[in-house]
Amino acid sequence: MKFSVRELVYVAIFGAIWGALELTVGSYLHVIFPPLADTFLVGLLMASLGAIVALIGRRFVPRIGSVLMISIVAAILKMISIGGVTVGPLVAILAEGLLMELGLIIARRPTRWAFVFAGALAVAWNFFHKFIMMYILFGKGVYEVYVGMVQQGASLLRIDLSYALLIIVILFLFRIVAGAVSGWIAWDLGRVVHDRLAR
Amino acid sequence: MTVWQDSRAMPGVRRETFSPYGYLFFFVGTAVTAILAREARVALVLLGTVGFAALFRAPALRLLGRRQLWLFIIPTLLLSPLVLGEPDLYLWRLHLSQEGFWAGLWMVSRALSIALAAMLFAQAVSVSQMAGLLEGMRLRGLGFALGVATNMLPTIQETIQTSYQAMRLRGGFRSHRLRTVKLLLVTVIAGSLRRGDDIVSAAEARAFDPARPHQSSISLVPADLVLAAWFGVLAVALLLV
């Protein structure tokens, strides 16, 4: 696939905006909520923001691979940041980019619903991220993460621990809905930005 | 031109043993072996990573002096005997688990190995070299995009902060918070895209063509291959043992 100079510059800009949000908002939130204590809120918020930026980028660079390229640029910027290397967000950015790209390829045409689908796929990664990162970094098994997630979810949702499956389903659906809303917002904001530039 | 080639051309400047490919192999290799290594073997991976950093890129060891890192290590080491494994030790009125303590130690070692390898890669390989690596992997245009993004990052960060302060001073975040966040995002994106048009004009004026093949100036050196082979053997050994 061949990108024009303009498209590559737009990929760079959206990658830089995603990277800048990770470096400012992301770092700030990770300090307030240390990663081990709360991956739910920070991860969900940053994944949603990233999905919005990357999907707006897709409206300006309507080519296969553009969202993935935006995520690669954002991940590298996060990697070379002064704050130091944090492996978790790096993996999350790349996985979200890949899933958004996959969603857009499956949907074929860039429509509002394609954006909703891609956004939901990307933010859904946040659910599996904890399992994978806990295995990679800490060697923890799926069961231990599951138990931790249920305990965290029970206190967050104020549901009894015995409803473990319900808690897991709610946590997963919450991410899907957040991602879908991000896709919906991205479609609208893309049009607003387009209109503002046309003035 | 790579650092490796630069140093070769300039007597008196320390020559790099590895090319950026070597540092990439090291990062990926360390991550893979740290994941594959179980229990005490992780400590050996960490020892190897620290040793490599000390020999070839000592500034990466500054990571060990970071407060945030110790804010992660100390609570993990202190909490793991309390929350992991079956309690088999009674100390200072606390029911502790030896298994939990060791599990915490291996967790920290694994996380530290990967973070140190990533830090080493980020320190050893400059942005232009990363762009060269991407071009070398036939990801045409991504190197150019990365260069533009790196140059634009400070401007975008400044735009975000200025726009945020302007909206905050006008009371934007007191009510309609979501609408304000959306407006902030639109302002930042529209402003950045307008600046991007200048970059496009400049690149086109210089007849930059992303479709034209760019020969990557980064090439593999024998030490890179030795490193890749070493990690390959190590990964297979960890899988088999």
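Quick notes on the rules
- Residues numbered from 1 in each chain as written.
- Chains lettered and ligands numbered in written order.
- Predicted model: local features only at pLDDT ≥ 70, side-chain atom pairs only at ≥ 80, totals over all residues.
- Helix = DSSP H or I, 4+ residues; strand = E, 2+ residues; numbered from the N terminus.
- Buried ≥ 20, exposed ≤ 12 C-beta atoms within 10 Å, placed from the backbone.
- Contact = placed C-beta atoms within 7 Å.
- Nonpolar A, V, L, I, M, F, W, Y, C, P; charged D, E, K, R; others polar.
- Domains from an automatic or database assignment.
- Axes fitted to C-alpha atoms, helices over the stretch in contact; angles between N-to-C directions.
- Parallel < 35°, antiparallel > 145°, perpendicular 65-115°, else oblique.
- Left-handed = near helix turned anticlockwise from the far one by under 90°.
- Expected span 1.5 Å × (residues − 1).
- Core = buried A, V, L, I, M, F, W, Y, C linked by C-beta atoms within 7 Å.
- pLDDT = per-residue confidence, 0-100.

Within chain B one finds 9 helices and 2 strands. On the principal axes, the C-alpha backbone points of chain B span a range of 70 × 60 × 35 Å. Evaluated residue by residue, chain B yields a buried proportion of 33% over its 241 residues.

Take the overall build of chain A next. Scanning chain A from terminus to terminus reveals 7 helices and 0 strands. Reading chain A from its N end, one meets helices and strands in the order α-α-α-α-α-α-α. Once local pairs closer than 6 in sequence are excluded, the contacts in chain A between residues at least 24 apart make up 71%.

The next thing to look at is the interface of chain B and chain A. Tallying the contact residues gives 44 residues for chain B and 38 residues for chain A. Put simply, the parts of the chain that give the side of chain B that touches chain A at least two residues each are α5 (98-124), α6 (127-136), α7 (142-169) and α8 (177-205) of chain B. The element best represented in the side of chain B that touches chain A is α8(B), accounting for 13 residues. Partitioned by chemical class, the residues of the side of chain B that touches chain A number 34 nonpolar, 5 polar and 5 charged.

What follows deals with the domain arrangement of chain B. All names here are of chain B. Once the domains are mapped, chain B shows domain 1 (3-133 + 217-240) and domain 2 (141-205). The partner domain 2 presents 4 residues to the 5 residues of domain 1 that form the contact. A breakdown of the residues in the side of domain 1 that touches domain 2 according to their chemical character gives 3 nonpolar, 2 polar and no charged.

Where helix α7 (residues 164-198) of chain A contacts α8(B), the two axes come as close as 10 Å, and the packing angle between them is 50°. One way to sum up the angle between α7(A) and α8(B) is to call them oblique. Crossing of α7(A) against α8(B): the hand is right-handed. Only B:Lys182, B:Leu185, B:Val186, B:Ile189, B:Ala190 and B:Leu193 of α8(B) make contact with α7(A), whose side of the interface consists of A:Leu189, A:Val192, A:Val193, A:Arg196 and A:Leu197.

The periodicity of an α-helix, 3.6 residues per turn, causes residues three or four positions apart to be oriented the same way. Taking 1.5 Å per residue, 17 residues should reach 24 Å; helix α2 (residues 20-36) of chain B reaches 24 Å between its end C-alpha atoms and fits that length. Here α2(B) lies mainly inside the structure; 13 of its 17 residues are buried.

To continue, consider α5(B). With 27 residues, α5(B) extends 39 Å between its outermost C-alpha atoms, agreeing within 8% with the 39 Å of an ideal straight helix rising 1.5 Å per residue. Most of α5(B) is tucked away: 21 of the 27 residues are buried.

A few words now on unusual backbone geometry. Residues and elements named next belong to chain A. For Arg 108, which is not glycine, the phi torsion reads 70° and is therefore positive. Relative to the helices and strands, Arg 108 is located in the loop between α4 (87-107) and α5 (112-138). A count of 8 C-beta atoms within 10 Å places Arg 108 in the exposed class.

A few words now on the nonpolar core. Here is a general trend for soluble globular proteins: nonpolar side chains tend to be buried in one another's company. Within the largest apolar cluster, 110 residues are counted, with the highest numbers of intra-cluster contacts made by A:Ala12, A:Ala16, A:Ile17, A:Val73, B:Phe121 and B:Ala145. Looking at this core, the element that brings in the most residues is α5(B), giving 16 residues. When residues are assigned to domains, this core turns out to be shared by domain 1 (3-133 + 217-240) and domain 2 (141-205) of chain B, each giving three or more. With residues near it in sequence (within four places) discarded, A:Ile17 still touches A:Val53, B:Ile156, B:Val188, B:Ile189 and B:Ser192.

Here we come to the packing of helix α3 (residues 66-79) of chain A against α7(B). Across the interface, α3(A) lies against α7(B) with an axial gap of 10 Å and an inter-helix angle of 50°. In terms of their interaxial angle, α3(A) and α7(B) are classed as oblique. Seen from above, α3(A) lies across α7(B) with right-handed handedness. In this structure, α3(A) contributes A:Met69, A:Ile72, A:Val73, A:Ile76 and A:Leu77 to the contact, and α7(B) contributes B:Leu142, B:Ala145, B:Leu146, B:Ala149, B:Thr150 and B:Leu153. Within the contact of α3(A) with α7(B), the residues separate by chemical class into 10 nonpolar, 1 polar and no charged.

Here the focus is the environment of B:Val188. Position of B:Val188 relative to the elements: it lies in helix α8. For B:Val188, a count of 23 C-beta atoms within 10 Å translates into the label buried. Put simply, B:Val188 and B:Ala34 are 154 residues apart on the chain and 40 Å apart in space, counted from C-alpha to C-alpha. Not counting the four nearest positions on each side in its chain, B:Val188 is found in contact with A:Ile17, B:Ile156, B:Thr159, B:Ile160 and B:Ser163.

Before going further, it helps to examine the environment of B:Arg66. Its place among the elements puts B:Arg66 in the loop between α3 (41-56) and α4 (67-83). Considered as a pair, B:Arg66 and B:Val226 are 160 residues apart in the sequence and their alpha carbons are 32 Å apart.

On to the confidence of the model for chain B. Residue and element names in this part refer to chain B. When the pLDDT values of chain B are averaged, the result is 80; 90% of them are 70 or greater. Taking the mean pLDDT of every element in chain B, the minimum, 42, falls on helix α1 (residues 3-9) and the maximum, 90, on α3. Below a pLDDT of 50 lies the segment residues 1-13, which in the model reaches 17 contacts outside its immediate sequence neighbourhood of four places, other chains included. Interface predicted TM-score (ipTM) for the complex: 0.84; the corresponding pTM is 0.75.

This paragraph deals with the confidence of the model for chain A. Chain-level statistics for chain A give a pLDDT mean of 83 and a share of 85% at 70 or above. Mean pLDDT across the elements of chain A ranges from a minimum in helix α6 (residues 142-157) of chain A, with 70, to a maximum in α4(A), with 90.

Assignment of secondary structure puts B:Thr150 in helix α7. Given 22 C-beta atoms within a 10 Å radius, B:Thr150 is considered buried. On a C-alpha basis, the gap between B:Thr150 and B:Ser128 in space is 9.7 Å, while along the polypeptide they are 22 residues apart. Leave out the neighbours within four places in its chain, and B:Thr150 touches A:Leu77 and B:Val127.

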